[in-house]
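# Architecture at a glance
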Number of protein chains: 2
Amino acid sequence: MFRFIKRALIGQPMHSAQLKHERISKKKALAVFSSDALSSVAYATEEIILVLILAGTSALFYSLPIAAGILTLLAILVLSYRQTIYAYPSGGGAYIVAKDNLGTPTGLIAGAALIIDYILTVAVSTAAGVAAITSAFPAMHNHKVLIALLFIIILTVLNLRGITESATILAVPTYIFIASMFFLLGTGIVKYILYGAPPVESVTNTGLPVQVTLFLLLRAFSAGCTALTGVEAISNGVPAFKPPESKNAAITLMLMGCIIVILFGGITVLANLYHIIPSHEETVVSQIASVVFGRNFFYFLVQVSTATILFLAANTSFAGFPLLTSILGHDGFLPRRMAARGDRLVYSNGIVVLATVASILIIIFRGEVHSLLPLYAVGVFLSFTLSQAGMVVRWLRQKHSGWFYHALINGIGMIVTGIVLVVIAVTKFSSGAWIVIILIPILVAVFMKINKHYREIAKELAFHGESMEKPTWQKIIIPVDSLTRVVAHTIDYAKTLSPDIVAVHVGVDEEKVEKLKIKWQEYEPDIPLVVLASPYREIVNPLLGFINDQEAQTGQSELITVLIPEFVTRKWWQYFLHNQTGLVLKTILLLRKDIVVASVPVHIGH
Amino acid sequence: MFRFIKRALIGQPMHSAQLKHERISKKKALAVFSSDALSSVAYATEEIILVLILAGTSALFYSLPIAAGILTLLAILVLSYRQTIYAYPSGGGAYIVAKDNLGTPTGLIAGAALIIDYILTVAVSTAAGVAAITSAFPAMHNHKVLIALLFIIILTVLNLRGITESATILAVPTYIFIASMFFLLGTGIVKYILYGAPPVESVTNTGLPVQVTLFLLLRAFSAGCTALTGVEAISNGVPAFKPPESKNAAITLMLMGCIIVILFGGITVLANLYHIIPSHEETVVSQIASVVFGRNFFYFLVQVSTATILFLAANTSFAGFPLLTSILGHDGFLPRRMAARGDRLVYSNGIVVLATVASILIIIFRGEVHSLLPLYAVGVFLSFTLSQAGMVVRWLRQKHSGWFYHALINGIGMIVTGIVLVVIAVTKFSSGAWIVIILIPILVAVFMKINKHYREIAKELAFHGESMEKPTWQKIIIPVDSLTRVVAHTIDYAKTLSPDIVAVHVGVDEEKVEKLKIKWQEYEPDIPLVVLASPYREIVNPLLGFINDQEAQTGQSELITVLIPEFVTRKWWQYFLHNQTGLVLKTILLLRKDIVVASVPVHIGH
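## Description of the overall build of chain A
Regarding its fold elements, chain A presents 22 helices and 5 strands. For a compact globule of 606 residues, the expected C-alpha radius of gyration is about 25 Å, and chain A comes in at 33 Å, more than 25% above that figure. When the backbone C-alpha atoms are referred to their principal axes, chain A occupies close to 110 × 60 × 50 Å. The burial tally for chain A puts 47% of its 606 residues in the buried class. Pairs at least 24 residues apart make up 81% of the contacts formed inside chain A by residues separated by at least 6 positions.

This is the structure in structure tokens:
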């Protein structure tokens, strides 16, 4: 049943030989790798003005210089990552670059930051995609969490199947999004020039507006920095480009940077021109599209393509997270099974973990983009900073020609992203960043602990033909309740293993003991039967005591084997109708002793 | 840790020899066996007037003839059960009487009714006890469910300890209750004669009062019949009386009947004299005591002793239910372990099941007595009817002297309780009785199904020295992942069992396979290593396929044993870091095949 549902959803398992690496053109690569970065323009402007509105509508003007600052930061990042692309043609994620150049502990910090980053990308992008939908269809507003979870489930199933045609599938909606946003910006600006802005609705501010302080501006800046999430994606995926890989990747990165500048800058300008006030029910982009187009076809095109690209952005994490956790699993910092490919050659465990944690976040934060975002940027900028720092060290060590120029660019990137990281951590600390700041060292500690365990185990398990005490003799203990067919079968089985067999019965009911003794004498007279007294009606403890005694009497080269007669019932519920003494005994012996415990099963009622 | 808490709560385990049977005097027996019956006067009057109030305050007068009818029914029941006491000096519960005389299926119906009855006694009595407390201390009204659950937990712990001094403990509050109720009735009637009733507060009836119909009166009668619950208790406990057991039990039963007549009749009369209107916040008894005494010491004495006797009533089920389920377990109609005595010689499993189900009922019905009661009476009257029917058949079969007179009494009892059963089932059907009417046949079906399973298993397990195919030869299969110390140990162990050993590796990673082959050749050249291809990266299925093949090649007298090298980690969380292939393989083999699977454990890192 379970198998059938699994097959229907996930598809038939795929042969290991089917694993292949698709190479994609720049055009497709832009779509595949930039959906995360592009999609963040859907909420970045809104986040800036949500902070500024605290100081009243007049303060919204500051969104323009703040956006300009963020775009400068973008330019620095693009130039920095361009260098990473050339230096790591095999893919230069923050974990690899930091681990390579700054050592494993720093690499793990970057890895922890990335893990959090990927999870939040899914949560934030899905929530924002749902917000785009509920802005267009307000009736669905109360079902945000449910819709978001539904989309995560769809993404999970698609990714467990393995999206081999991903590039083609992703390309279409990404370009529709870019086109519809360009059309929105163009129309919006032309309309403004021709007709000016519509009259401003008077807004009743709740409470007195606060002063425009430097802290408020920094908070708005931090909030807007979410526009930069996903910029690093191309540098991770260099090997997927057609040759010359690095060059094509670098061109794609520059192109993506330009598109973000236009979209994010344009939306911020339009939000100012049309005096958009952020609202809980409708996104800023929806409000702009509403004013520019009215609720016609183009409005819905903008909303639907925004939602689509946001889901695609969530989807990119479904590629990145399982890959990262498989690398961490392979390196022994996460459970090894994270590195195992599932039925469809994808890292299924990573996909399921990602979907589960992101869903929990959606539920906890009730699907609110604004509540999730403070957690987002810290991880992103921490991985930016560590990645750039790694690159700086790399240039200083290798001293290729032009190393100083390269180091300078990455150095500026490192310093700027480092400063922004501190600004974000401070300004967003109380609204959620503290969670991430606590979580990263915890994750690193978990990585280290797991790794230490794997190393210790490997040392203890190592075998190079060391001569060990060879056992030569078996002593077999069979716990019996009554002399049934199953017990008789177990005794026959035991006789093939060793002549040294003892049956042991825990006596609770005297009448039963007498009956057993008589029957035993009749049918199994050659096997000794030991009856243990149990005045407190316990079964397992007297048996353990007996096994301990036997062990104490046993020589070095003798081994004890406990055979448990077990009958397997036809239906699961029948299992609960029989004494589970065997199960308890097996578990305790396995946990406590180096004694072999075997179930001798007989199937009953089949 | 768990053991420590258990010992602190439950006490040290008791020796089987400590099991003893206490004999009690009539005075104590009245207290022990009648708390259930006496306590129901705390809510029976209220239930009657809660129905009558639907037809307006003037209809409350009908509570007097209805109470008279119920007391007539009580007289019939007392006379009937008096006969059961003499006929079954070893205890005549409805299950035993019905099974004895009407056959097993009817006995099981009575058993199902009794099980429901016992569970509801706990739920209803606890809820009513809490209502007595919250009437006196209205601040606690919102925590009804919590207080009720707390009392159930206390009762559970006390009963798991085993209440050996129960008779003495129970006697005191029961007599305090009887005394304080007599004092309330006496004072109430004297005060009424001297001063008359206080002025009636005008009550705003919500909605139009309905007509006084026969159906309404029957509903009120059904509701009041809850006063009769627990009347049968003495007939179950005859062996606990001092000799002459039956005579003493019969006298106690008559005495109890008289007390109920006075208390239930008296409260109903007082409720009429003082024009008591039922309320959601305060019980009828509390209102009467309030009017008669004012909120002084005597008021609180009535409330506290009412609450106490209600908890004692719940406690009687903690004796009756585990005894009944242990009998059903012993007879093979419930899991056998229900018949096993726990550490303190009580039937612990029954106690825990009772407490759990009653707690769930309390939670579902939010601790409301009035919501629980419609479920209560059906089970009680079904067991009354079946018990009387069994007695009638008994008299007709045995034809002792005076059989006609005896059969007549029990026959009247059967007919009257049968009619009342139908009335209750019909009038309370929609308000909850339907649940019980559905549940009883389900429970009976479960009993039968369990019994059928036990009988089948017993037949299949039976062993009388039948000659079976004796195995003579072991083929040992060892699944290996890599050649570790644990695997080497398993091979050494296997060599003591049989010379026919094969190791099998599932190849997922070609490089790993090659390394294993080389190492194997070096250290274990005398054991053949089979490498299975697994293009779909599955581990368990190829192993199962290999075991199937081996099984097909195996002769009749050959046996296959699978040895699983297993390393046991020091800490539980470390367990999750290793492949659970062994566990999955063990489970599947145990469920599917009669193949012996043994764990060969090595403890690592200890």
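The structure having been displayed, the exposition proceeds.
## Focus: the pairing of strand β5 (residues 596–603) of chain B
All names here are of chain B. In terms of residue burial, β5 counts as a mostly covered element, since 6 of its 8 residues are buried. With 8 bridges joining them, strand β4 (residues 558–568) and β5 adopt parallel strand pairing. When the sheet's bridge partners are listed, Val-568 is paired in β5 with His-603.

## Considerations on the interface of chain B and chain A
On the side of chain A, 59 residues touch chain B, which itself brings 59 residues to the contact. Counting only elements with at least two residues in the side of chain B that touches chain A, the list comes to α17 (429–461), β1 (473–479), α18 (485–495), α19 (510–523), β4, α22 (581–592) and β5 of chain B. By residue number, the principal contributor to the side of chain B that touches chain A is β5 of chain B, which donates 8 residues. Of the residues assigned to the side of chain B that touches chain A, the class counts are 34 nonpolar, 14 polar and 11 charged.

## A word on the sheet that holds strand β5 (residues 596–603) of chain A
Spatial ordering of the open sheet is given by β3(A)-β2(A)-β1(A)-β4(A)-β5(A)-β5(B)-β4(B)-β1(B)-β2(B)-β3(B), a layout of 10 strands whose pairing is mixed. Strands at the two margins of the open sheet, each flanked by one partner only, are β3 (529–533) of chain A together with β3 (529–533) of chain B. Across the sheet, the mean angle separating the axes of adjacent strands is 25° when strand polarity is ignored. With 5 bridges joining them, strand β1 (residues 473–479) of chain A and strand β4 (residues 558–568) of chain A adopt parallel strand pairing. Each residue of the ladder has a partner; that of Ile-476 of chain A, found in β4 of chain A, is Thr-561 of chain A.

## Remarks on the relation of the copies chain B and chain A
There are two copies of the chain, and a rotation about an axis plus a shift along that axis relates them. Superposing chain B onto chain A takes a rotation of 179° plus a shift of 0.0 Å along the axis, which leaves an RMSD of 0.3 Å. The two molecules are tied by a two-fold rotation axis, judged by turn and shift. Minimal C-alpha separation from the rotation axis in chain B is found for Ala-598 of chain B, amounting to 2.0 Å. Taken as a fraction of all interface residues of chain B, those also at the interface in chain A reach 100%, which identifies the copy contact as same-surface.

## A few points about the domain arrangement of chain A
Each assigned domain of chain A is listed here: domain 1 (22–454) and domain 2 (473–603). Distance between the C-alpha centres of domain 1 of chain A and domain 2 of chain A: 62 Å.

## Some remarks on helix α6 (residues 104–136) of chain A
Between its terminal C-alpha atoms α6 of chain A stretches 47 Å, which fits the 48 Å expected from 33 residues at 1.5 Å a residue. Extensive coverage of α6 of chain A is indicated by the burial of 31 of its 33 residues.

## Notes on the packing of helix α4 (residues 63–87) of chain B against helix α11 (residues 245–273) of chain B
All names here are of chain B. Contact geometry of α4 with α11 gives a least axis separation of 10 Å together with a crossing angle of 175°. As far as their axial angle goes, α11 and α4 are roughly antiparallel. Partitioned by chemical class, the residues of the contact of α4 with α11 number 17 nonpolar, 6 polar and 1 charged.

## Considerations on the environment of Leu-158 of chain A
Of note, Leu-158 of chain A is situated in helix α7 (residues 144–161). Expressed as a C-alpha distance, the spacing of Leu-158 of chain A and Phe-429 of chain A, which sit 271 residues apart in the sequence, is 36 Å.

## Focus on unusual backbone geometry
Note the cis peptide between Pro-243 of chain A and Pro-244 of chain A, where omega equals -5°. Along the chain, Pro-244 of chain A falls in the loop between α10 (233–236) and α11 (245–273). For Arg-366 of chain B, which is not a glycine, the phi torsion comes out positive at approximately 50°. Position of Arg-366 of chain B among the secondary structure elements: in the loop between α14 (348–364) and α15 (369–398). The exposure class of Arg-366 of chain B is exposed, given the 12 C-beta atoms found within 10 Å. Positive phi values are uncommon outside glycine, yet Arg-537 of chain B reaches one of about 60°.

## Side note on the environment of Ala-289 of chain A
All names here are of chain A. Examined against the element boundaries, Ala-289 turns out to sit in helix α12 (residues 284–293). For Ala-289, a count of 29 C-beta atoms within 10 Å puts it in the buried group. Look past the residues within four positions of Ala-289 in its chain and what remains in contact with it is Leu-184, Tyr-299, Val-302 and Gln-303.

## Points about the packing of helix α5 (residues 94–102) of chain B against α15 of chain B
All names here are of chain B. Taken N-terminus to C-terminus, the directions of α5 and α15 make an angle of 40°; their axes are 8 Å apart at the nearest point. As judged from the angle between their axes, α5 and α15 are oblique. Crossing handedness for the pair α5 and α15: left-handed. Counting all contacts with α5, which are made through Ala-94, Val-97, Ala-98, Asp-100, Asn-101 and Leu-102, the residues of α15 involved are Ser-383, Leu-386, Ser-387, Ala-389, Gly-390, Met-391, Val-393 and Arg-394.

## Focus: the environment of Leu-214 of chain B
Among the structural elements, Leu-214 of chain B can be located in helix α9 (residues 214–224). Leu-214 of chain B sits in the exposed class, given 7 other C-beta atoms within 10 Å.

## Comments concerning the nonpolar core
Core analysis: the biggest nonpolar cluster contains 150 residues, and Ile-119, Ala-123, Ala-127, Ile-288 and Leu-372 of chain A have the highest contact counts within it. Ranked by the residues each element gives to this core, the list is headed by α6 of chain A, at 21 residues. For Ile-119 of chain A, the contacting residues outside a window of four places in its chain are Leu-354, Val-357, Ala-358 and Leu-361 of chain A. If you look at the next biggest cluster of nonpolar residues, it comprises 149 residues, including Ile-66, Leu-228, Ala-233 and Leu-270 of chain B.

## Remarks on the confidence of the model for chain A
The predicted model of chain A has a mean per-residue pLDDT of 86, with 94% of residues at 70 or higher. Here the complex is predicted with pTM 0.72, and the ipTM for its interfaces comes to 0.75.

Definitions and limits used
Residue positions within a chain follow its written sequence, with the count starting from 1. Chains carry letters from A onward and ligands carry numbers from 1 onward, assigned in written order. Given that the model is predicted, a residue must reach a pLDDT of at least 70 before its local features are reported, and side-chain atom pairs must reach 80 or more before they are shown or counted; all residues, however, enter totals for whole chains, interfaces and linings. Comment: elements are numbered from the N terminus, with helices defined as DSSP H or I runs of at least four residues and strands as E runs of at least two. Atoms counted for the radius of gyration: C-alpha only. Globule rule: 2.2 Å times the number of residues to the power 0.38. Each residue is classed by its C-beta neighbour count within 10 Å, where at least 20 other C-beta atoms makes it buried, 12 or fewer makes it exposed, and intermediate counts make it partly exposed; the C-beta atoms are placed from backbone geometry. For every residue pair, C-beta atoms are placed from the backbone, and the pair is scored as a contact if these atoms sit within 7 Å. Strands qualify as paired when DSSP identifies two bridges or more between them. Amino acid classes used here: Ala, Val, Leu, Ile, Met, Phe, Trp, Tyr, Cys and Pro are nonpolar; Asp, Glu, Lys and Arg are charged; the rest, including Gly, are polar. Axis lines are fitted through C-alpha atoms, for helices just across the contact stretch, and the angle between N-to-C directions can take any value from 0 to 180 degrees. To superpose the copies, least squares is applied to the C-alpha atoms of every residue with a pLDDT of at least 70 in both. Residue ranges for the domains trace back to a domain assignment, done automatically or taken from a database. Multiply 1.5 Å by the residue count of a helix minus one, and that product is the helix's expected span. When an angle is under 35 degrees it counts as roughly parallel; over 145 it counts as roughly antiparallel; between 65 and 115 it counts as roughly perpendicular; any other value is oblique. For any helix crossing, the convention is left-handed if the near helix is rotated counterclockwise from the far helix by under a right angle, and right-handed if that rotation is clockwise. What we call a nonpolar core is a set of buried Ala, Val, Leu, Ile, Met, Phe, Trp, Tyr and Cys residues whose membership is set by joining through C-beta atoms within 7 Å. What pLDDT conveys is the predictor's confidence in a given residue, as a value from 0 to 100.

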